[in-house]
There are 2 protein chains.
Amino acid sequence: MYKQLILLSLIIVGYSCNLKQEKAINKTTQPLEEKIDSANIKTFFNTALTTGKSYEWLRDLTQNIGGRLSGSPEAAKAVVWGKNLMNEVGLDSVWLQPVMVPHWVRGQKEIANYTINGVKKNVPICALGFSVATPNTGITAPVIEVKSIEEAKALGTKLKGKIVFFNRPFDDALINTFKAYGGCVDQRVQGAAVCAPFGAKGVIVRSMTNSIDDYPHTGTMSYGNLPLEQQIPGAAISSRAANILSNDLKENPNLKFFFKQNCKTLPDAPSYNVVGEIKGTETPENIFVVGGHLDSWDLGEGAHDDGAGIVQSLEVAYLFKKNNIKPKNTIRIVFFMNEENGTRGAKKYAELAKINNENHIGGLESDAGGHTPRGFSIDANTANTKLLKSWKKLLAPYGLHDIDKGGSGADISPLKAEQVTLVGYRPDSQRYFDYHHTSIDTFDKVNKRELELGSASMASIVYLMDKYLYTNTVIKP
Amino acid sequence: MYKQLILLSLIIVGYSCNLKQEKAINKTTQPLEEKIDSANIKTFFNTALTTGKSYEWLRDLTQNIGGRLSGSPEAAKAVVWGKNLMNEVGLDSVWLQPVMVPHWVRGQKEIANYTINGVKKNVPICALGFSVATPNTGITAPVIEVKSIEEAKALGTKLKGKIVFFNRPFDDALINTFKAYGGCVDQRVQGAAVCAPFGAKGVIVRSMTNSIDDYPHTGTMSYGNLPLEQQIPGAAISSRAANILSNDLKENPNLKFFFKQNCKTLPDAPSYNVVGEIKGTETPENIFVVGGHLDSWDLGEGAHDDGAGIVQSLEVAYLFKKNNIKPKNTIRIVFFMNEENGTRGAKKYAELAKINNENHIGGLESDAGGHTPRGFSIDANTANTKLLKSWKKLLAPYGLHDIDKGGSGADISPLKAEQVTLVGYRPDSQRYFDYHHTSIDTFDKVNKRELELGSASMASIVYLMDKYLYTNTVIKP
């Protein structure tokens, strides 16, 4: 009976929620309100494109600090940089959230080569994150080429003593390159863990890109529960070198591949999420998170991944403040640490939110590069998903057409709950994997206007969500 | 009475047209037909992204021929290149249309500088197309800065003996950069013609770009009816140099600016439009043109402007042939000559179409760069505009959302008529004016996938137009 009462009251609460939602939907379609919203959105874009700060912030982060892998001195510098910048923008409060992060270091530059027809070919490779080193003398072994984890597993003990070459390319026919990435990245993440138990000596993985070029793409891998003594080194090989090697293997299946890398995992290191907020005017206890990740891979400058997301997130706050638009809920800007190899920052943030009994109503993450805006991906309940889609008309003039159900981002997804609306910013994806996790993810690859349009796109949807989102205040205990 | 009869018959024809149009619209919404169309569009994209040729064609054109201003040896080479390539793709017939084109040459590299506070500053400039040279010793004169043609006119005889510095920048708040270009380009085109009669010695014009950089942007200018002896030289100055000069003029309004250029206009030269076609299977007398312009400015490689449009146009034919999709109307690929400074090729093409009594039902032009697709701009009658907009659902999965009324392009617009549907391909505009008419409009600025997506976008709309367009056959005499 008690249970039934609770059920009944939940149904009633749900019903009143729905009523409230209907009102809110009507509100958004009122012409006057729409006019105000439209004008405020226009203001965000005008401000970002004419007096925006994100581009110069990004120049500073990428060119004066550079690549900033978790645990590195550069990551530590980036934390200080981020905290100072948040204060400079004038957020109401700024603080650091301590978090222990993995500390993997690449060591000396990797070497790889093989000889065919008397010609020695040097191969551009780089160690994958968390990989162990090769012995000091490197590894020299015959190569066995596979196109999938399943193919490797099926070969079983035939992998013994071999270097396993994972060479399934991106599916170029997929319009969204993130889908192509999703269809290939298992090779990088699981390759070594799958092959090691069969006695393979190492794995080399085709770089995760549509492009045919000479830049190896690093990225995280995992040994799962494999004990240290069974772990074998994993490296990425550039896409062009992968094509050449594949051809050369057809000519000489017995060629011997050599590679040497010196990476290692040190003990966990102390680091921080950088957090700042604009206090809400009406319901400050409701928190909306906007963020990206402050760490990056070590090879380039972490410009698109994810310097862009960092400076855009802070520019959201700047655009609110500069235009004196006061959110009714608290807007919290978070520079998450350690997205690339561990997402420890994200986990810590969600853990603290729970411990502190914080009420998160939603989040927006920018971690898909600084290219021209396309839309948003929504991970929310039906009512809020519908609500966000109803803003298409307001957002279309800015190229924001793709407003669809989908994932949000690695750093905010630990906040997922029925009443929490999570959104991923989605810029155009075509060029992203040309740079992703390489030495050429540098400041010059980011276009000022595209970056600024992204900031304004994010500010616009945060503004609308702050104003209209159906929050969980009604059903809070 | 006779007139009334004609009117009545036109109304009846119009009515039957409408009926026919209704049927066609119903046809497009039939699920089976939509399924076929959707599958064919998917095929175009798959083919372009996996076995497309446009990128390698563009590499060849830009890197082995390079910049190809009308009348230059490179433009002549490009004509041969284009004809051979059309034959290679296997068009049913390929021919050249002779056309006389302006022949302006830049001569030796331009020089500009001034001295302020004892420091000599070199200034990146380039002559504007059709400009006359300075005297051999250059021009040295005080500078008067203006923001508009109107301001220059109002100054009148105060311009005498001066170099007029047109310095109105792009409006960065405009989302579409072509609008910002449209709001500034009068300074480049008319500046010299307006100032010369007041005794100005020359004009320097801020480069047409959103970007702040060191690359002067050339482009065409016109002296109107000004006699040769009154013509004064015009040059573009880089945006960064324009900002610096403007500041320096505040400090020293009397500083003397020096510039020297050696350009001249030679007698008109013979050249060609390159034309090839796939014959229609049902109504071959109906012609649909797809094209871009083969000429480019001389400073860079003419990669985005308009090598991209050339290779995409030909790839439309390739995608039809490769997939054995036979158009019912004739699809004619045209590489127009001389869009940049005269549009003589476009005029010649339209003139010959009229002389030969050809029945053009429409055209599609790609001359807005090779960036990621956004949509199409439609210059057509109401029925066909509505028809094209009805395909939004089919095209949206490929990022083609902006399907709106607007201009088409300089090379096909001379074909404009009530029953001719003209369409401009519209890629994303954010980066275009970073490169437009500069030394950095080079192959490396074009992304392979973005270029290919453009080819497939164009093929898709040509396919739909070939199939469904309301043509003028009914009301032909």
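Just so it is clear, the structure is predicted and the values come from calculations on it, not from any experiment.

One can expect most non-glycine residues to show negative phi and most peptide bonds to be in trans. A cis geometry characterises the amide bond from A:Asp305 onward to A:Asp306, with omega recorded as 5 degrees. For A:Asn117, which is not glycine, the phi dihedral falls at a positive 50 degrees. Here A:Asn117 is to be found in the loop between strand S2 (111-116) and strand S3 (119-122). With 9 C-beta atoms packed within 10 Å, A:Asn117 lands in the exposed category. In this structure, B:Thr343 takes a positive phi of about 45 degrees despite not being glycine. With respect to the helices, strands and loops of the structure, B:Thr343 is situated in the loop between strand S12 (329-336) and helix H10 (344-355).

Time to look at the confidence of the model for chain A. Residue and element names in this part refer to chain A. The predicted model of chain A has a mean per-residue pLDDT of 94, with 92% of residues at 70 or higher. Note on residues 1-27: pLDDT is under 50 here. Beyond four places in sequence and across chains, it has 13 contacts. Here residues 473-477 scores under 50 on pLDDT; set against residues more than four positions off or in separate chains, the count is seven contacts. Overall fold confidence (pTM) sits at 0.93, and the ipTM for the predicted complex is 0.92.

As a further point, take the environment of A:Lys158. All names here are of chain A. Here lysine 158 lies in the loop between helix H5 (149-155) and strand S6 (163-166). Taking the C-beta count within 10 Å as the criterion, lysine 158 has 13 such neighbours and is therefore assigned partly exposed. Note: C-alpha distance between lysine 158 and glycine 199 (41 residues apart in sequence) is 8.7 Å.

Here we come to the sheet that holds S12(B). Residues and elements named next belong to chain B. Spatial ordering of the open sheet is given by S1-S10-S12-S11-S13-S16-S14-S15, a layout of eight strands whose pairing is mixed. Of all the strands in the sheet, the pair left with one neighbour each is strand S1 (93-105) and strand S15 (402-405). Here the strands of the sheet are splayed against their neighbours by 20 degrees on average, with no regard to which way each runs. Pairing geometry for strand S13 (residues 359-365) and strand S16 (residues 421-427), over four bridges, is parallel. Within S16, the residue paired with glycine 363 across the bridge is leucine 422.

Our next topic: the interface of chain A and chain B. Of the residues lining the interface, 20 residues belong to chain A; the matching set on chain B comes to 20 residues. Elements represented by at least two residues in the side of chain A that touches chain B include exactly helix H2 (31-51) and helix H14 (448-468) of chain A. When residues of the side of chain A that touches chain B are assigned to their parent elements, the largest contribution, four residues, is made by H2(A). Of the residues that constitute the side of chain A that touches chain B, the class distribution is six nonpolar, eight polar and six charged.

Let's shift gears to the domain arrangement of chain A. Residues and elements named next belong to chain A. For chain A, the domain assignment lists domain 1 (28-104 + 267-468) and domain 2 (110-262). Each of domain 1 and domain 2 has a C-alpha centre, and these two points are 34 Å apart. In this complex, domain 1 contributes 15 residues to the contact, which on the side of domain 2 involves 16 residues. A total of three residues in the side of domain 1 that touches domain 2 trace back to one element, the largest contributor, which is helix H13 (residues 432-435). Of the residues belonging to the side of domain 1 that touches domain 2, the class tally is six nonpolar, seven polar and two charged.

Once that is clear, we can look at the environment of A:Ala193. Residue and element names in this part refer to chain A. Here alanine 193 shows up in helix H7 (residues 186-195). Considering only alpha carbons, one finds alanine 193 and asparagine 46, 147 residues apart in sequence, at a separation of 50 Å. Beyond its immediate chain neighbours, meaning those up to four positions away, alanine 193 contacts Ser222, Tyr223, Gly224 and Leu226.

What counts and what doesn't
- Residues numbered from 1 in each chain as written.
- Chains lettered and ligands numbered in written order.
- Predicted model: local features only at pLDDT ≥ 70, side-chain atom pairs only at ≥ 80, totals over all residues.
- Helix = DSSP H or I, 4+ residues; strand = E, 2+ residues; numbered from the N terminus.
- Buried ≥ 20, exposed ≤ 12 C-beta atoms within 10 Å, placed from the backbone.
- pLDDT = per-residue confidence, 0-100.
- Contact = placed C-beta atoms within 7 Å.
- Pairing = 2+ DSSP bridges.
- Axes fitted to C-alpha atoms, helices over the stretch in contact; angles between N-to-C directions.
- Nonpolar A, V, L, I, M, F, W, Y, C, P; charged D, E, K, R; others polar.
- Domains from an automatic or database assignment.

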